[in-house]
Amino acid sequence: MNNSFLPVHLTETGDVDRALDVASIWVRSTAARDGVTHPSSVEHAAAGILRRLALDGATMLIAERATTTVGFALIAPAANVLEIFYLAVDPNAWGWLGPQVEVQCLCEFRVRE
């Protein structure tokens, strides 16, 4: 089955229980981007995500394809701007899904302004 034909659904959440799930995507995507063979710890990344999620107005958009989390973004308002703290796509989806998830997340943020 070609996964590129499955739609991506965005879900807004403030659920801290999703922190480990998305932290895993963050750690793997930054390691792949940087060519690191031993990525940083998921727990360390989850702590940073939880810190940002605790900010006033912070929210996450979770991108899912079928039942798999394939990307996420974490944002919070700051003064007159919307700050994007995290924007990541699972490296297994790079090439066929990455731009789609990033564009959908950024368009969703734009609608909120």
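To keep things clear, this report deals only with the structure shown in the data block. (Residues numbered from 1 in each chain as written. Predicted model: local features only at pLDDT ≥ 70, side-chain atom pairs only at ≥ 80, totals over all residues. Heavy atoms only, no water.)

## Brief notes about the overall build of the protein chain
Helix and strand counts for the protein chain come out as three helices and four strands. Along the chain direction, N to C, the helices and strands of the protein chain fall in the order β-α-α-β-β-β-α. Considering the protein chain as a whole, with its 113 residues, one finds that 36% of them fall into the buried category. Excluding contacts between residues fewer than 6 apart, the proportion of contacts in the protein chain whose partners are at least 24 apart in sequence is 58%. Of the accessible surface of the protein chain, which amounts to about 6600 Å², a share of 54% is contributed by carbon and sulfur atoms. (Helix = DSSP H or I, 4+ residues; strand = E, 2+ residues; numbered from the N terminus. Buried < 20%, exposed > 50% of the residue type's maximum accessible area, 1.4 Å probe, protein only. Contact = heavy atoms within 4.5 Å. Areas by Shrake-Rupley, 256 points an atom, 1.4 Å probe, with all protein chains shown as cover.)

## Notes on the pairing of strand E4 (residues 81-89)
Both strand E3 (residues 68-78) and E4 contribute to a ladder of eight bridges, which runs antiparallel. Within the sheet, the bridge partner assigned to Ala 76 lies in E4 and is Glu 83. Hairpin connection, E3 to E4: the antiparallel pair is bridged by two residues, and Ala 79 has positive phi, about 55°. (Pairing = 2+ DSSP bridges.)

## A few points about unusual backbone geometry
A positive phi is found at Ala 66, a non-glycine position, where the angle reads about 60°. In this structure, Ala 66 sits in the loop between strand E2 (59-65) and E3. Assessed through its relative accessible area of 57%, Ala 66 is described here as exposed. Phi is positive for Ala 79, close to 55°, though the residue is something other than glycine.

## Quick word on the pattern of salt bridges
Enumeration over the complete set of coordinates arrives at four salt bridges. Of the charged contacts in the structure, one is a salt bridge between Glu 64 and Arg 18, with a shortest N-O distance of 3.4 Å. Highlighted residues: Glu 64 in strand E2 and Arg 18 in the loop between strand E1 (8-13) and helix H1 (19-34), separated in sequence by 46 residues. Between Arg 28 and Asp 90 there is a salt bridge whose closest N-O contact spans 3.0 Å. Placement of the pair is Arg 28 in helix H1 and Asp 90 in the loop between E4 and helix H3 (98-112), with a sequence separation of 62 residues. (Salt bridge = Lys/Arg side-chain N within 4 Å of Asp/Glu carboxyl O.)

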